[in-house]
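What follows is the residue order along each chain.
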Amino acid sequence: MRKVFQAELHQVGEQLVEISRLVTEAMQKATTALDTADIELAQEVIAADARIDFLQTDLDERSIDILALQGPVASDLRMIVGALRMSASLERMGDLARHIAQLVRLRYPDTVIPEPMRETFREFAEKDIAISEKLTELLETRDLELATQIDVSNSRVNELHAGVFKAIADPAWDSAGPTTVDVSLASRYFERFADHGVSVSRKVTYLVTGEWRPNAQSI
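Keep in mind that this is a model prediction, so the values were computed, not measured. (Residues numbered from 1 in each chain as written. Predicted model: local features only at pLDDT ≥ 70, side-chain atom pairs only at ≥ 80, totals over all residues. Heavy atoms only, no water.)

## As for the packing of helix α5 (residues 144–169) against helix α6 (residues 177–209)
Stated precisely, the cut-off is as follows: Axis lines are fitted to C-alpha atoms, over the contacting stretch for helices. Their N-to-C directions set the angle, which ranges from 0 to 180 degrees. Only DSSP runs of H or I covering at least 4 residues are called helices, and only runs of E covering at least 2 are called strands; the numbering of each starts at the N terminus. What sets the label is the angle itself: under 35 degrees gives roughly parallel, over 145 gives roughly antiparallel, 65 to 115 gives roughly perpendicular, and the rest give oblique. For any pair of crossing helices, the crossing counts as left-handed if the nearer helix is rotated counterclockwise from the farther one by less than a right angle, and right-handed if it is rotated clockwise. Note on residue classes: Ala, Val, Leu, Ile, Met, Phe, Trp, Tyr, Cys and Pro are nonpolar, Asp, Glu, Lys and Arg are charged, and everything else, Gly too, is polar.
Packing of α5 against α6 leaves a shortest axis separation of 9 Å and a crossing angle of 160°. One finds that α5 runs roughly antiparallel with respect to α6. Two packed elements cross with a definite hand, and for α5 against α6 that hand is left-handed. Residues that form the contact of α5 with α6 fall into these classes: 12 nonpolar, 10 polar and 5 charged.

## Looking at α6
Going by this rule: To estimate the expected span of a helix, count its residues, drop one, and scale the result by 1.5 Å.
Taking 1.5 Å of rise per residue, the 33 residues of α6 would be expected to cover 48 Å, and the 48 Å separating its terminal C-alpha atoms lies within 8% of that figure. Following α6 by one or two positions, Gly-210 has its phi on the positive side, about 75°.

## A short note on the confidence of the model for the chain
The following threshold applies: As a per-residue quantity, pLDDT reports the predictor's confidence and falls between 0 and 100.
Here the chain averages 92 in pLDDT, and 94% of its residues register 70 or above. The secondary-structure element of the chain with the lowest mean pLDDT is helix α1 (residues 2–36), recorded at 92, while helix α4 (residues 118–141) shows the highest, at 98.

## Quick notes on the packing of aromatic side chains
Inclusion rule: Two rings belonging to Phe, Tyr or Trp (six-membered ring only in the last case) form a pair when the distance between their centres is within 6.5 Å. Interplanar angles under 30 degrees mark stacking, angles over 60 mark edge-to-face geometry, and anything in between is tilted. The rule for a charge over a ring is simple: NZ of Lys or CZ of Arg within 6 Å of the ring centre, and within 35 degrees of the ring normal.
Under the defined criterion, the tally for this structure stands at 3 aromatic pairs. Among the aromatic residues, ring-to-ring pairing joins Phe-121, Phe-124 and Phe-190 into one connected group. Arg-78 extends its terminal NZ or CZ atom over the ring of Tyr-206, reaching a point 5.7 Å from the ring centre.

## What to know about the pattern of salt bridges
Close approach of charged atoms lets side chains of opposite charge pair. To keep things clear, this is the line we draw: Criterion for a salt bridge: a side-chain nitrogen of Lys or Arg within 4 Å of a carboxyl oxygen of Asp or Glu. Classification of residues uses two cut-offs on accessible area relative to the type maximum, computed with a 1.4 Å probe and protein chains only: under 20% is buried, over 50% is exposed, and between them is partly exposed.
Taken as a whole and judged by the stated rule, the model has 18 salt bridges. Measuring nitrogen to oxygen at the nearest pair gives 2.5 Å for the salt bridge that ties Arg-21 to Glu-140. Residue Arg-21 is located in helix α1, and its partner Glu-140 is located in helix α4; the two are separated by 119 residues in the primary sequence. Overall, Glu-140 belongs to the partly exposed group, its relative accessible area being 44%. One salt bridge in this structure joins Glu-25 and Lys-29, with 3.1 Å as the shortest N-O distance. Of this pair, Glu-25 and Lys-29 are both found in helix α1, 4 residues apart, which corresponds to roughly one turn of the helix.

Okay, here's the thing in structure tokens:
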């Protein structure tokens, strides 16, 4: 029975990694679509989100079955409860990539982001994709140096997000109302994607060390 239990735990871990990989792919495609107004790529992201949702539901049902049937204690219990919470954050990251793709579809054939903000959003994309890639590796390896790198990238995302709102509040901002809304929403999607990545990273850190960081954000 113990071998079966450990195999089930291993499957839960593997499924978290699979969801994280799909989330990374979704953000890569969504940000490319945002930069190039690629409607076909945007549609791929929107359609593929159903797979992430399915895997999250399946993982949660598997985890609940383990809780009900195996009665785990101590570190095993932390792993299962952590997996339930991490899967929710990963699913939300997939939703945020989908939201970006939906903005692309809404404004096609025009681009969503005005020219003066394009480089800012390219850096947003670079940082969010880096967070997602490192998160997948962290889930696979439990290398906590990756968690530190994720925090650093998230700090830059927060700076970019604050900069966007400072720019649109400036009297010199002359874009139309719909563009202002789109830029605000897109910035928020990138910022929340990174925050959820940090949330998962800190839960992995807790599973490895058994210590919860008191300054951790609650998401």
